[in-house]
Every structure is written in structure tokens, then in C-alpha cells.
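Spelled out, the chains give:
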Amino acid sequence: LVSQIVLVQALIRRVPRPPGSGFGMGSSISCCTSRNYGCDMNNSVFGEDAFYREANWEEFYDCDEGDEDQDGLLKRAHEQVRLKMSKGMMVANYATFELHKRARKALELECMRASPSRLSAEPASPRLSPPRFNLSAALGSRCAWYGKTMQEWTGQEYPPTGEGPYWQRGDGKGLPVRHGPNYPKRRQKLESGSVMYSAISCDAIKGNSRIEDIMDRLVHLEDLPAASGPADRESDRGAGPHIAWTPHCKLPRILCINLMLPYETGLIPFRKDAGASFVAFFRIKPETVQEAMKSSPSPAVSQFLDFCQRPTGLPGGSRDNPDRSLASRLDPSKRNDVQSGCFKANAKCVNLEDVNVPTSLYDYNGKPCLITKSGYIIKAPNNEWLEIGIDVRFFNILVRMMLSSYCELVPQTKVHFGFLVQGTEDHELPEALLCDLYIYGVNIMDHPWQIDNDDNDGIA
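Keep in mind that this is a model prediction, so the values were computed, not measured. (Residues numbered from 1 in each chain as written. Predicted model: local features only at pLDDT ≥ 70, side-chain atom pairs only at ≥ 80, totals over all residues. Heavy atoms only, no water.)

**Digging into the sheet that holds strand β9 (residues 368–371)**
With mixed pairing, six strands are arranged side by side in an open sheet as β1-β2-β13-β12-β8-β9. Of all the strands in the sheet, the pair left with one neighbour each is β1 (151–152) and β9. When β1 meets strand β2 (residues 166–169), the two strands line up parallel, connected through two bridges. Directly across from Gln151, in β2, lies its bridge partner Tyr166. (Pairing = 2+ DSSP bridges. Helix = DSSP H or I, 4+ residues; strand = E, 2+ residues; numbered from the N terminus.)

Dropping the structure here:
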């Protein structure tokens, strides 16, 4: 198979392609022959090649000896075969798991029908309502929900499985980040050891339409809690007057992450799906302010400085503004996994043993995902806050189907979320997390609070 692919590629490189020959820019063959960085299927319904390459890097770039200029075709063809195999195995394992799940449900239903007397004899187990911490969220101002939908977990250990919903501050440790030297070749990763922003809140909300543009529309800076604990006060004012955040700092004081989850797979056209939003706020740490003020900041801070200086959308501005989309920052001539300055999200389930999912998914646990066409970015004119939204509706169909299938398992999970800017070259490494937090025991259907999302531009 590899030999045939190499032969076809070699022939296509040498045969002129007339207009309408079927090998246009949208085809995979055109992709393989017109790009110097290999063939990436970034529109695949089963996910971008960059994600599978990042998750299974040891399966690629394993041709270390010989002249790469001569064996480049074989190398790229070999890589594409392995990528397609990874995608195929993922789909096959998911399909097998889904079939077993439906078979179990059908068997349970049949047993219930066959033994009605047994069902009547057994006492019904009480139905526990999802925990609520404040039932007045629907009253008062538009921001009445802030800080009330999820409780902060402050224990030293994880909460019991299934309890929640809770959020907990992260310490920047436990997620893989890139390290040099020569990352494109060596693909070395180590666990993160620091974080630039500290979590101050996390909420789960839903409305009659998709919820976007949180800052200056649903939440204002004065709505955020004042510094309470020593860590908060230090982060708010800095460790001293010389490193306190001011508008002269080129990094925002507040980060807002808006993770939008759909309830439907999107396979049925015209079906409205407002979904739910998980909104987290983070405050800059004093050491980050201090590092940003240096003439030569650390690689990760320097990357984030460059990231923040690029064009963004504006609060209240048009949602058709191309600067608002993170996809507009991509260079189409490069593979996504070797582009610096891209925004990435990482999610790692820390209790996989408690969740009944296919073991094949374990390899992808804690692997970063590039946020491009699914992401929007807006920034305050005075640079005091930055908001980044991630809409899972724009993820590939496999992710949306898995989210729908495993929805009932989500309350059993304990997930560590981290967000960062991608580095590739030696002077951009090691990477560091921008912000992170833990989420425990969340039911994405029941726990989000219904709010008045009075937004004429909202998309259902």
C-alpha cells in the first residue's frame, strides 16, 4: 500500500493537471502534492491530522537515518497511512463501544418487560436531584448567576466520585507541555510546572441561544469578586507596587474562558441546540506581571505577549469580523502542529478507572487540541481583559457523537483543564500553561442554570 501511494504521488508530481481533472485544491491528492510540510486532512470528519500526530507522536517521524531529501515521499506516505489507521481504530472502537452500550440497554429493557412482578416487588430507589447551591439565580440582575452555579472545592484530595458540581484551582502541574531542543524532530514533552493566571470562578449556564461575548455584556469587571484570600490579594495587586498590574502591562489582568458544549450531534439540520456554557475567570499572577515587564521575558510569557498583540475582535463588535476568529491566525502553508502562536486546550481525566469508556481512548487523554475555527477572541480596548470562546459545535462529528454518547458518564469524571499557546522553535520552549482548573461531578444537562441571554445575535 505504501509503495502504491509513493508511486501515485510521484506520477502526479510529474504529470500536468489540466483544469477540471479532479485533482483540485480541495482534494487530498492536491494537498499531498502542493504542500512542503506534508498532507494534513484538517477538514476530516474524524478530526485533524495534527491532533492524532500530537497524540501518537512516537508513531511518526521515526525515519532518522539516511537522506531525508530523497526519502521524503516515503516518509509522508508512511505517516499518512499511520494517521488514517489511527483514525480508523478510533472510529471502530467507538462503534464497538456504542453497540455494546445499546445492546445492554436493550437487554435490560427486555428483562424488565419479561419480569414485571419482580419490578413491582423491588422498592424504587430514590431519585437524587442534582445539588444546587443557590436557587435564586433566575432572579435579580443579569449577573445574579455569577459564582453560584458551581461551588469551589478546597479539599486537599479529590472529592468523592460523582459528587458535585465543583471547581478547583489548578497549580499548573500535571499536563504535558512541549520541551526543546529541536521539538519538531524529537517531540519531547514533560509535565507542566507553572501557570500564569490563577482561577477565581467557574459557572455553568445555558440560555435560549448560544452564549457568547460574556465580558461587558453578561459580566462586568466590577461583578468579579474582590480579592479575598492571601493568594487572591497578591495576584490582584502584585507582590509589591513595582509589579502591580497597570494598563501599561501588555498582558490582560483578567482572562475569561467560555467553553460551549452542544447537546445535539448536529447531524439533524435545522434542529436548534442552545447547549450550555462553562465560563471560567482567571486573574494574572504577580510573577507573570513581573516577567512581562522584563526586556527578555521567558519563552512562554513572550509567546503570550505576541499572542495578545495580534488583532482581535472588540466587545460589542461584529461577529463577522475576521480578526475575531482564531482560524484567521493560521498559516495555510504550514501544518497546524508546527505553527507557533496557536491557542491550545488540554483536558485530562484523572479518574479514568471510574469511568466506563473504551481503553483505546486512554491514549488521547491529556493530549492538546488546537483551537482554530471553533474559537473566538475579543479584548477590552484598555487591554484589561481578554475573552476566548471555544465552541465544540465546530469540532469534528466524532467528538460531537462521543460527547452525546458519553453524556451520562460525565458526572463521574474529574477533569483537569489547561490552556496554553503553542510553541515550536527552541526560543519558544518550554511551553507553560496560561491557566488551569479542575472540574468535578458536572452534569452538563442538569447543572447549568437557565439565564436570560438577551442577545439578538445569539445562534441557537
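Next comes the rest of the write-up.
**Here's the deal with the nonpolar core**
The biggest cluster of nonpolar side chains holds 50 residues, and the ones touching the most others in it are Tyr197, Leu251, Phe278, Phe282, Phe304, Phe307 and Phe343. No other element matches the six residues that helix α9 (residues 299–309) contributes to this core. The contact partners of Leu251, leaving out residues within four places of it in the chain, are Tyr197, Trp245, Ile284, Thr288, Ala292, Val301, Phe304, Leu305, Cys308 and Asn383. Counting 22 residues, the second-largest nonpolar core is a separate cluster that includes Ile214, Val219, Cys256 and Ala380. (Core = buried A, V, L, I, M, F, W, Y, C linked by side-chain atoms within 4.5 Å. Buried < 20%, exposed > 50% of the residue type's maximum accessible area, 1.4 Å probe, protein only. Contact = heavy atoms within 4.5 Å.)

**A word on the pattern of salt bridges**
Inspection of the entire model under this criterion finds 15 salt bridges. Between Glu431 and Lys344 there is a salt bridge; the shortest N-O distance is 3.1 Å. With Glu431 in the loop between β12 (414–421) and β13 (433–440) and Lys344 in strand β8 (residues 343–349), this residue pair connects regions lying 87 residues apart in the sequence. Salt bridges linked by common partners bring Arg210, Glu212, Asp213, Arg319, Arg324, Asp391 and Arg393 together as one network. (Salt bridge = Lys/Arg side-chain N within 4 Å of Asp/Glu carboxyl O.)

**Some words on the sheet that holds strand β10 (residues 375–379)**
Taken together, the six strands give an open sheet; going across it, the order is β10-β11-β6-β7-β5-β14, and neighbouring strands pair in mixed fashion. Only two strands of the sheet have a single partner each, and these edge strands are β10 and β14 (449–450). Relative to strand β7 (residues 276–284), strand β5 (residues 197–206) is paired through eight bridges, and the arrangement is antiparallel. Note that in β7 the partner of Tyr197 across the bridge is Ile284.

**Comments concerning the confidence of the model for the protein chain**
Averaged over all residues, the pLDDT of the protein chain equals 79, while 67% of them reach at least 70. For residues 59–70, every residue scores under 50 in pLDDT, and the model assigns this stretch 24 contacts once sequence neighbours within four places are set aside. (pLDDT = per-residue confidence, 0-100.)

**Quick look at helix α10 (residues 397–405)**
Buried residues of α10: Ile397, Leu398, Arg400, Met402, Leu403 and Ser405, and no others. Two to three positions downstream of the cap, the backbone nitrogen of Leu398 sits 3.0 Å from a side-chain oxygen, assigning the N-cap of α10 to Asn396. (Polar contact = N/O pair within 3.5 Å; in protein donor to acceptor, adjacent residues only side chain to side chain.)

**Considerations on the packing of aromatic side chains**
What describes a pair of aromatic rings is the distance from one ring centre to the other and the angle between the planes of the rings. Enumeration over the complete set of coordinates arrives at 10 aromatic pairs. Taken together through their ring pairs, the aromatic side chains of Tyr197, Phe304, Phe307, Phe343 and Phe419 make up a single cluster. Above the plane of the ring of Tyr376 lies Arg324, whose end atom (NZ or CZ) is 4.5 Å from the centre. Seen from the ring of Phe307, Arg329 lies directly overhead, with NZ or CZ sitting 4.5 Å from the centre. (Phe/Tyr/Trp six-rings, centres within 6.5 Å; stacked < 30°, edge-to-face > 60°. Lys NZ or Arg CZ within 6 Å of the ring centre and 35° of its normal.)

**What about the side chain of Asn346?**
Relative to the elements of secondary structure, Asn346 occurs in strand β8. You can call Asn346 buried: its relative accessible area is 3%. There is a polar contact of 3.5 Å between the side chain of Asn346 and the backbone nitrogen of Lys367. Residues contacting Asn346, with those up to four places away along its chain left out, are Leu175, Pro176, Gly366, Lys367, Pro368, His416, Phe417 and Gly418.

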